[in-house]
Amino acid sequence: SNLSIGTANFNNQYGKYKKTSISNFQQENMLAKAWDYGFKFIDTAIGYKGVHQSLSNLNSFINNDWKLTTKIPPLKTEISKDKVNSWVSALIDESLNDLKVNKLNSVLIHDPSIESRPQELEYTLLALDSACERGLIENYGISLYGPIKNNILKDYILNKESFIIQGPMNIFDRRMEDLTSSKYKNLKFEARSIFLQGMLLNLDMFEKYFGNIAEIRKFKRWIKKTNLNPIEACISFAKFSNADKIVIGFGNTDEIISFSKIFE
């Protein structure tokens, strides 16, 4: 799997259960360390305030050939084909300018509720397709929070030569795992939330939120029997899944080092 470093916590408080915020100085060190340990992708979004600009000034960003995924926020425009197209174009241009690059590896729709607005979804996909044809982006897709609900999207994936879906996948949440199967041969699935936002690394916190459920008891028995700790279990699950890419956010460079040692 390709490894991608998440940037939601760069300059911004991020995390549902454990909030982290990474200063510019730390960003520089973290990117350099991630690159050394084989990360080649950066996962970011227009919605992460100021992160595009911040990245573009880091030496470890400028000096290495990072492949970039960014995400476009919900549209603030009336839904006509032309309006959507010019809005998406403007967002891509703005991202290229802010990041000081001339091409993005991929752009994802960052709006899970768009599945319930089929017309808007269709126009947005067309607009991204045309950005691809113009050579501004290499791939595109959508970031989801659960299994696909929309039939347009299902058909699109089956007929498209290449499409990306990013979504949560970990030992506990395997609802999207079928997207990694060979029937979706042109789909690239990017797994995020491989530690369930860090909760699988802190089982006391997990129990506080979900109670002492059967699954957590089973997980505890299983890690005891296999002699793994929770972080090893989560990383192994992600590594040996069929995900094309694993997106991970870190709180500091030590976390990158310990992740990479286990991953290797």
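Residues numbered from 1 in each chain as written. Predicted model: local features only at pLDDT ≥ 70, side-chain atom pairs only at ≥ 80, totals over all residues. Heavy atoms only, no water.

Draft legend 1. Representation of the overall build of the protein chain within the structure. Helix and strand content of the protein chain: 10 helices and eight strands. Taken against the 2.2 N^0.38 rule, which gives 18 Å for 264 residues, the C-alpha radius of gyration of the protein chain at 19 Å falls within 12% of a compact globule. Seen through its principal axes, the protein chain has C-alpha atoms that stretch 55 × 45 × 30 Å. Looking at the protein chain as a whole, 48% of its 264 residues qualify as buried. For the protein chain, the share of sequence-separated contacts (at least 6 apart) that also reach a separation of at least 24 residues comes to 70%. Surface summary for the protein chain: the accessible area is close to 13,000 Å², and the carbon and sulfur share equals 49%. Looking at the protein chain, you have 34 positive and 30 negative side-chain charges, and the mean spots of the two groups are 6 Å apart. (Helix = DSSP H or I, 4+ residues; strand = E, 2+ residues; numbered from the N terminus. Rg over C-alpha atoms; globule rule 2.2 N^0.38 Å. Buried < 20%, exposed > 50% of the residue type's maximum accessible area, 1.4 Å probe, protein only. Contact = heavy atoms within 4.5 Å. Areas by Shrake-Rupley, 256 points an atom, 1.4 Å probe, with all protein chains shown as cover. Lys, Arg positive; Asp, Glu negative; His and termini not counted. Charge placed at Lys NZ, Arg CZ, Asp CG, Glu CD.)

Draft legend 2. Focus on the pairing of strand β5 (residues 137-143). For β5, a buried count of six out of seven residues is recorded, marking the element as mostly surrounded by other parts of the structure. Looking at chain direction, strand β4 (residues 104-109) and β5 are connected through five bridges and run parallel. If you follow Ile109 over to β5, its bridge partner there is Ile142. Following the backbone out of β4, through helix α5 (residues 118-133) and into the adjacent parallel β5, one traces a crossover that is right-handed. Pairing between β5 and strand β6 (residues 163-168): three bridges, direction parallel. Following the sheet pairing, Ser143 is matched in β6 by Gln166. In terms of handedness, the path from β5 via helix α6 (residues 151-159) over to β6 forms a crossover that is right-handed. (Pairing = 2+ DSSP bridges. Right-handed = clockwise from strand over helix to strand, strands pointing away.)

Draft legend 3. Summary view of the packing of helix α4 (residues 81-99) against α5. One can describe the packing of α4 onto α5 by two numbers: an axis separation of 9 Å at closest approach and a directional angle of 50°. By the angle between their directions, the pair α4 and α5 is classed as oblique. In this structure, α4 crosses over α5, and the sense of that crossing is right-handed. Side by side, α4 and α5 meet where Lys81, Val84, Asn85, Val88 and Ile92 of the first sit next to Tyr123, Thr124, Leu126, Ala127, Leu128, Ser130 and Ala131 of the second. A per-class count over the contact of α4 with α5 returns eight nonpolar, three polar and one charged. (Axes fitted to C-alpha atoms, helices over the stretch in contact; angles between N-to-C directions. Parallel < 35°, antiparallel > 145°, perpendicular 65-115°, else oblique. Left-handed = near helix turned anticlockwise from the far one by under 90°. Nonpolar A, V, L, I, M, F, W, Y, C, P; charged D, E, K, R; others polar.)

Draft legend 4. How the structure looks around helix α1 (residues 24-36). Spanning 13 residues, α1 covers 19 Å between terminal C-alpha atoms, matching the ideal 18 Å at 1.5 Å per step. Residues of α1 that are buried make contact with β1 (2-6), β2 (41-43), α2 (51-56), α3 (59-62) and α10 (253-263). Gly38 lies just past α1 and shows a positive phi near 95°. (Expected span 1.5 Å × (residues − 1).)

Draft legend 5. Structural context of the pairing of strand β8 (residues 245-248). By the alternation rule, side chains of β8 split into Lys245 and Val247 and Ile246 and Ile248, which are all buried. By the bridge criterion, two bridges tie strand β7 (residues 187-192) to β8 in an arrangement that is parallel. Residue Glu190 lies in a different strand from β8, and its bridge partner there is Lys245.

Draft legend 6. Region of interest: the side chain of Ser4. Here Ser4 shows up in strand β1. Excluding anything up to four places from it in sequence, Ser4 contacts Phe39, Phe41, Ile42, Asp43, Lys245, Ile246, Val247 and Ile248.

Draft legend 7. Examining the environment of Gln119 more closely. Structurally, Gln119 can be placed in helix α5. Classification of Gln119 as partly exposed rests on a relative accessible area of 39%. When the C-alpha atoms of Gln119 and Lys188 are compared, they prove to be 24 Å apart, with 69 residues separating the residues in sequence.

Draft legend 8. Highlighting the packing of aromatic side chains. Following the criterion strictly, the structure yields 11 aromatic pairs and no others. Measuring from centroid to centroid gives 5.0 Å for Trp35 and Trp66, while their planes differ by 70°, and the two rings are edge-to-face. Remark: Trp66 occurs in the loop between α3 and β3 (67-72) and Trp35 occurs in helix α1; sequence separation between them is 31 residues. Owing to a relative accessible area of 7%, Trp66 belongs among the buried residues under this scheme. Ring centres 6.0 Å apart and planes at 55° place the aromatic pair Phe39 and Phe259 in the tilted group. (Phe/Tyr/Trp six-rings, centres within 6.5 Å; stacked < 30°, edge-to-face > 60°.)

Draft legend 9. Structural detail: helix α7 (residues 203-210). Within α7 the residues assigned to the buried category are Leu203, Met205 and Phe206. The buried residues of α7 all sit within an arc of 155° when viewed along its axis, so they share a single face. Turned more than 90 degrees off the buried face of α7, the exposed positions are Asp204 and Lys208. Each element contacted by the buried residues of α7 is listed here: α8 (214-226) and α9 (230-239). In the segment just after α7, Gly211 is the residue with positive phi, at about 80°. (Arc of directions from axis to C-beta.)

In short, the description is geometric, and any link to function would need to be established separately.
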